[in-house]
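Chain by chain, the residues:
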Amino acid sequence: MITALIRSELPRMSGSLRKVGDWVLADPARIAGLSAAEVGRLTGTSQATVTRFCRALGLDSYQRLLLELAREQGHDTAVGQEEAPGPLGPEIGPDDPLDLVVAAVARADLQALRATTEQLDLDALERAARALARARRIDVYGVGASGVLALETQARLFGIGCEARAWTEVHAAETSAALLTPADAVVALSHSGATREVLGPLRLASERGAATVAVTGDPRSAVARAAGTHLTSTAAPTGFRHGGFGTRHSVLLILDCLYARVAQLTYARATASLALTAHIADGHRK
């Protein structure tokens, strides 16, 4: 979705480009019928700035921006989201009632999940899954909020018989990366795609010949460029949830898809592993 792309790119934009982005996100429908020059005047910038804004999004023209916004508005209406902006918007104030807080959070997450699904590169997902399925060993790198997701990835892959290990401390991650071989694989998680503690071991793993997969919110980031395969997540910011916390659900969606495909590709091993461990949770219930 184009508005999700604008939100993810906005932090990397200059002041004038950011003004255009903020204006578009405030009410995406009002841009319909306006020329680039008119948008420039309304945002206190210029026609050239609006054109540069479109190119910063990877669009070849202003008309393409209008087309993508119209397409998204049509899709939202079709699925009953015509009232999606609501009284809250993406921010949550100290006096907002709880029912609207719940609605705002749910709306943001659903929009992020839909946008991530629509932009997910299935060829890249297949390459990533096959690399993990045939790997002797899998390293998962992530720190902070991404560290929690790295541990979740380890648990899922380990449960279907993969030799997976999450590394959330840079020295341990680089030590592990230095011991990898071309028979191994890596999953690197970083919302910004610029986390040094993830980038360092990822590059080292690549030098060792391991297959590398990155999941980030920025396909042009250093982490994305350093990986052999890249998958892009979409942020779902609301008040109090920005950065890695705002993208967690869309990253989990990608990791779930990756997990399910690896399980398919290693069906005998995966089903045997699940069968052997199915009783464990039951033994800890009262």
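Structure's up top.
Residues numbered from 1 in each chain as written. Predicted model: local features only at pLDDT ≥ 70, side-chain atom pairs only at ≥ 80, totals over all residues. Heavy atoms only, no water.

Student: What is the right way to read the environment of tyrosine 141 from this model?
Tutor: Of note, tyrosine 141 is situated in strand 1 (residues 138-141). Tyrosine 141 gets classed as buried once you look at its relative accessible area, which sits at 1%. Considering only alpha carbons, one finds tyrosine 141 and leucine 202, 61 residues apart in sequence, at a separation of 7.7 Å. Among the polar contacts made by the side chain of tyrosine 141, one reaches the side chain of aspartate 139 at a distance of 2.8 Å. (Helix = DSSP H or I, 4+ residues; strand = E, 2+ residues; numbered from the N terminus. Buried < 20%, exposed > 50% of the residue type's maximum accessible area, 1.4 Å probe, protein only. Polar contact = N/O pair within 3.5 Å; in protein donor to acceptor, adjacent residues only side chain to side chain.)

Student: I'm lost on the pattern of salt bridges in this one. Help?
Tutor: Opposite charge on two side chains permits them to pair, given that their charged atoms come into close proximity. Following the criterion strictly, the structure yields 12 salt bridges and no others. With its nearest N and O atoms 3.1 Å apart, the salt bridge here joins aspartate 218 to arginine 12. A residue pair is termed long-range when its members are at least 10 positions apart, and aspartate 218 in the loop between strand 4 (211-216) and helix 11 (222-226) and arginine 12 in the loop between helix 1 (2-9) and helix 2 (15-26) qualify at 206 residues. The buried category is assigned to aspartate 218, whose relative accessible area is 6%. Ionic pairing is found between arginine 261 and glutamate 126, a salt bridge with its closest N-O pair at 2.8 Å. Residue arginine 261 is located in helix 12 (residues 244-265), and its partner glutamate 126 is located in helix 7 (residues 122-133); the two are separated by 135 residues in the primary sequence. Assessed through its relative accessible area of 22%, glutamate 126 is described here as partly exposed. Among the ionic contacts, a cluster of salt bridges with common partners joins Glu9, Arg12, Asp218 and Arg220. (Salt bridge = Lys/Arg side-chain N within 4 Å of Asp/Glu carboxyl O.)

Student: Whenever I open this one, the side chain of serine 146 confuses me. Can you help?
Tutor: When you line up the elements, serine 146 lands in helix 8 (residues 145-159). A relative accessible area of 11% places serine 146 in the buried class.

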